[in-house]
Amino acid sequence: MIEKKKSSQKIYECSFLELYEDEVILSNEKITQRVYIKHPGGAAVLPIREDGKIILTKQFRYPVGHITIEIPAGKKDDKNENGLTCAKRELEEETGYVSSNFKHLYTLHPCLGYSDEALEIFIAFDCIKKDNPRVSDEDEFIEILYLDKDEVSTLLKSQSITDGKTLIALQHYLLSYE
């Protein structure tokens, strides 16, 4: 089952990922290629306000060509950045909210067939609006949604949310915090 790297070639590099094509030896000794992305990892956070409202974001996602509903998330600044630090930064930048009450839910590999990305998912409780929050990235245009559990449940049932990290976080929350 284990594959051994025979050779590796970096095909492409940009600010947040590297694309490689490796030649590997399979367990049956046959040789094949593996194309994959090296990614610094990221963090995502399901924010819950003090009044129980769930904070979600809406934004246009170019690769899928439509507006999506998601939890705040982003890539780590580098491989050494702590997931919680990244989640706190993304929460503030994307929503203007902060919290001092975070719980780690999962670390998952969202695209393990072609990427080494590890995404840490958190819940932030008792979120409060911050005066003068961090400025969001200049290429992000985000609308904030404030929903109760019934509204979130309706969105899930209607399959209006297609983002994996968001589905996992919301379903965990609805099942665990009734």
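Scroll up a little and you will see the structure.
What you see is a predicted model, and the numbers here were worked out from it, not measured in a lab.

In this structure, what is going on with the overall build of the protein? I would like to understand it.
Tallying secondary structure elements over the protein gives 3 helices and 11 strands in all. The contacts in the protein between residues at least 6 apart in sequence include a share of 56% that link residues at least 24 apart. Entry remark: accessible area of the protein is about 10700 Å², with carbon and sulfur atoms responsible for 50%. Within the protein, one finds 23 positive and 32 negative side-chain charges whose respective centroids are separated by 4 Å.

Whenever I open this one, the side chain of threonine 95 confuses me. Can you help?
Take threonine 95: it is sitting in helix 1 (residues 83–95). Within the local environment of threonine 95, its side chain forms a polar contact with the backbone nitrogen of tyrosine 97, the two atoms lying 3.1 Å apart. With sequence-adjacent residues up to four places away left out, threonine 95 is seen in contact with Ile55, Thr57, Pro72, Glu90, Lys129 and Ile144.

Help me understand the sheet that holds strand 2 (residues 18–25), please; the structure alone is not making it clear to me.
Strand pairing in a sheet is mediated by backbone hydrogen bonds. Such pairs are either parallel or antiparallel. Pairing is antiparallel in the open sheet, where 3 strands are placed in the order 1-2-3. The two strands at the open ends of the sheet, each matched to only one other strand, are strand 1 (4–13) and strand 3 (31–38). Along the sheet, successive strands turn relative to each other by an average axial angle of 20°, direction set aside. Pairing of strand 1 with strand 2, which is carried by 8 bridges, proceeds in the antiparallel orientation. Bridging across to strand 2, lysine 4 finds its partner in isoleucine 25.

It is not clear to me how a nonpolar patch on the surface should be interpreted in this structure. Could you clarify?
A cluster of nonpolar side chains, Phe60, Tyr62 and Ile67, forms an exposed patch at the surface whose accessible area comes to about 410 Å². On the secondary structure map, phenylalanine 60 appears in strand 5 (residues 54–61). Phenylalanine 60 sits in the partly exposed class, given a relative accessible area of 49%.

What is the right way to look at the environment of cysteine 111 in this model?
Mapped onto the fold, cysteine 111 is located in the loop between strand 9 (101–108) and strand 10 (119–129). Between the C-alpha atoms of cysteine 111 and isoleucine 37, which are 74 residues apart in sequence, the distance is 9.5 Å.

What exactly am I supposed to notice about the packing of aromatic side chains here?
How two aromatic rings sit relative to each other is given by the distance of their centres and the angle of their planes. Enumeration according to the criterion identifies 4 aromatic pairs in this entry. Residues tyrosine 20 and tyrosine 36 carry aromatic rings whose centres are separated by 5.6 Å and whose planes lie at 15° to one another, so their mutual orientation is stacked. Here tyrosine 20 is found in strand 2, whereas its partner tyrosine 36 is found in strand 3, with 16 residues between them in sequence. The exposure class assigned to tyrosine 36 is buried, which follows from its relative accessible area of 18%. Through a chain of ring-to-ring contacts, three or more aromatic side chains come together here, namely Phe125, Tyr173 and Tyr177.

Quick question: what am I supposed to make of the pattern of salt bridges here?
Inspection of the entire model under this criterion finds 14 salt bridges. For the salt bridge of glutamate 90 with arginine 89, the shortest nitrogen-to-oxygen distance reads 3.5 Å. Between arginine 89 and glutamate 93 there is a salt bridge, with the nearest N and O atoms lying 3.9 Å from each other. Taken together, the positions of arginine 89 and glutamate 93, both in helix 1 and 4 residues apart, correspond to about one turn of that helix.

Can you walk me through unusual backbone geometry in this structure?
For residues besides glycine, phi is generally negative; the peptide bonds are generally trans as well. A positive phi is found at aspartate 126, a non-glycine position, where the angle reads about 55°. As for its placement among the helices and strands, aspartate 126 is situated in strand 10. Of the residues examined, aspartate 126 reaches a relative accessible area of 41% and is grouped as partly exposed. Residues other than glycine seldom take positive phi values, yet glutamine 159 does so here, at roughly 60°. The residue glutamine 159 is located in the loop between helix 2 (149–157) and helix 3 (164–176) in this model.

Conventions we followed
- Residues numbered from 1 in each chain as written.
- Predicted model: local features only at pLDDT ≥ 70, side-chain atom pairs only at ≥ 80, totals over all residues.
- Heavy atoms only, no water.
- Helix = DSSP H or I, 4+ residues; strand = E, 2+ residues; numbered from the N terminus.
- Contact = heavy atoms within 4.5 Å.
- Areas by Shrake-Rupley, 256 points an atom, 1.4 Å probe, with all protein chains shown as cover.
- Lys, Arg positive; Asp, Glu negative; His and termini not counted.
- Charge placed at Lys NZ, Arg CZ, Asp CG, Glu CD.
- Polar contact = N/O pair within 3.5 Å; in protein donor to acceptor, adjacent residues only side chain to side chain.
- Pairing = 2+ DSSP bridges.
- Axes fitted to C-alpha atoms, helices over the stretch in contact; angles between N-to-C directions.
- Patch = residues over 30% accessible without salt bridge, like charges linked within 9 Å, V, L, I, M, F, W, Y side chains within 5 Å.
- Salt bridge = Lys/Arg side-chain N within 4 Å of Asp/Glu carboxyl O.
- Buried < 20%, exposed > 50% of the residue type's maximum accessible area, 1.4 Å probe, protein only.
- Phe/Tyr/Trp six-rings, centres within 6.5 Å; stacked < 30°, edge-to-face > 60°.

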